[in-house]
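The primary structure of each chain is shown beneath.
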Amino acid sequence: MIGLILTLQIAAAAPSMPIPTFVVVRDGGTVTSVPVTIDGGQASVRADALMKAMHGMLITGTNLHYTLVLPRVRLDLIDGIPFAKRDSLTIPLGRAPQVRGGQLYLPLQFVSDVIPRYGGGYYYDVPRTASSTPIASTSTSTAQPPVASDRLPPPSAVRKPVGRRMVVIDAGHGGPDNGMTGPIGTPAWFVEKDVTLSVAKKLATVLRARGVDVMMTRTTDTLIALADRGKIANSNHGDVFISIHVNAPGYNTAAAARERGFETYFLAEAKTEDERRVQDMENESVKFETGANAPKGDPLSFIITDMAQNEHLRESSDLAQTIQNGLIEVHPGPNRGVQQANFAVLRGSYMPAVLVEIGFGSNQSEATFLTDQDNQRALARNIAESVVAYLAHYQSRVGATR
Ligand SMILES: [Zn+2]
């Protein structure tokens, strides 16, 4: 490779300090240091200062868009979105770039992983004062010997030790958002948010006992914005996202009260009336959210979100099928099959993601079934087994590269 080749190096203030204080950019004999800032335990670098040191330029666009112009490539970023774009290539980031005090900050991982891989001719060196302690949650590659940029693992590979899996469990609704209430034809005694939380906690317990890491979007009776549930999943580097819900028919009659059974959804455009009904019902939670949590409404950010999610469509569909098939063993049924719909809660999670409707709370006998602790445990154990089986299958297919 000819032309400009820089060396990036993280320098620590002292050997005892594992947090780097500067990114050192070397261009032949010229050395420029860019300060590393720590915010909320996360190491970042100011984009404008880094670009200047790298003979590049930061262009501030409209609608939270930024472009890093390097001598050979341009990288597009959006504030708060954990993806970069180079032409038509979408690059996942461990953490989103963020604007603070009017300045764009890049996660340190962007310097250690993304620029060497996608920046066109940059190398990343480990710190001279390398400590055995990895830099806080941004990259473990700093503790490894230097490697040529084309041999660096993809960003996702340095997120956590190989073999550990993170399942994000989302208990549907919460706080002022009760979800559905029922059953139909009786004084309402069933509240969806309580059952989803109870099942979610039991699912977490079983998965942890099986050696799987678990993050829950909520553990108490609180409202978490739909969009934030996906963000929680992303920032915790989830491998799988599972949202637990209880179903209800779209109308309120004796016939509706007889509806029962379980179904598992993955994210895609709703195809049938019934899929659209469940989609609209679960997306209703948005009305409980305040403006601060509302989506930013940037069309391009949705395009990027779509692209990221599409990569997981096949996986999400496989996971949904595995869970749905498993539930046949413990659920009185009927088996309503795997469905697809455009759920807001699944939209923002960049990983295989499913939504399980564990039954109809509108039906008297199913409401009784779903509120029973033993039945909840059986459902949780069954879903956990399916997730473990899915993860093992997933690892056998992609394990070599992750
Ligand atoms: Zn629900």
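Owing to the predicted nature of the structure, the values given are computational and were not obtained by experimental measurement. (Residues numbered from 1 in each chain as written. Predicted model: local features only at pLDDT ≥ 70, side-chain atom pairs only at ≥ 80, totals over all residues. Heavy atoms only, no water.)

## Focus on the pairing of strand 4 (residues 42-46)
Link 1 in the chain: Sheet analysis places strand 3 (residues 30-39) next to strand 4, joined by 4 bridges and oriented antiparallel. Note on strand 4: the bridge partner recorded for Asp39 is Gln42.
Link 2 in the chain: What sits between strand 3 and strand 4 in their antiparallel hairpin is a turn of 2 residues, with Gly40 showing a positive phi close to 60 degrees.
Link 3 in the chain: Bridging between strand 4 and strand 11 (residues 103-107) involves 3 bridges; their strand directions are antiparallel. Residue Ser44 lies in a different strand from strand 11, and its bridge partner there is Pro107. (Pairing = 2+ DSSP bridges. Helix = DSSP H or I, 4+ residues; strand = E, 2+ residues; numbered from the N terminus.)

## Topic: the confidence of the model for the protein
Link 1 in the chain: Mean pLDDT over the protein stands at 79; residues scoring 70 or higher make up 77%.
Link 2 in the chain: The least confident element of the protein, judged by mean pLDDT, is helix 7 (residues 299-310) at 48; the most confident is helix 3 (residues 192-209) at 98.
Link 3 in the chain: Ignoring residues within four places in sequence, the model shows residues 128-161, a span with pLDDT below 50, making 71 contacts including any to other chains.
Link 4 in the chain: Counting interchain partners and residues more than four positions distant, the pLDDT-below-50 stretch residues 291-304 has 18 contacts. (pLDDT = per-residue confidence, 0-100. Contact = heavy atoms within 4.5 Å.)

## What about the pattern of salt bridges?
Link 1 in the chain: In total, this model carries 14 salt bridges according to the counting rule given.
Link 2 in the chain: In this structure, Glu366 and Arg260 form a salt bridge, with 3.6 Å as the shortest nitrogen-oxygen distance. With Glu366 in helix 10 (residues 364-371) and Arg260 in the loop between helix 5 (254-257) and strand 18 (262-267), this pair connects stretches of sequence that are 106 residues apart.
Link 3 in the chain: Linked by salt bridges that have partners in common, Glu259, Glu263, Asp274, Arg277 and Arg336 make up one network. (Salt bridge = Lys/Arg side-chain N within 4 Å of Asp/Glu carboxyl O.)

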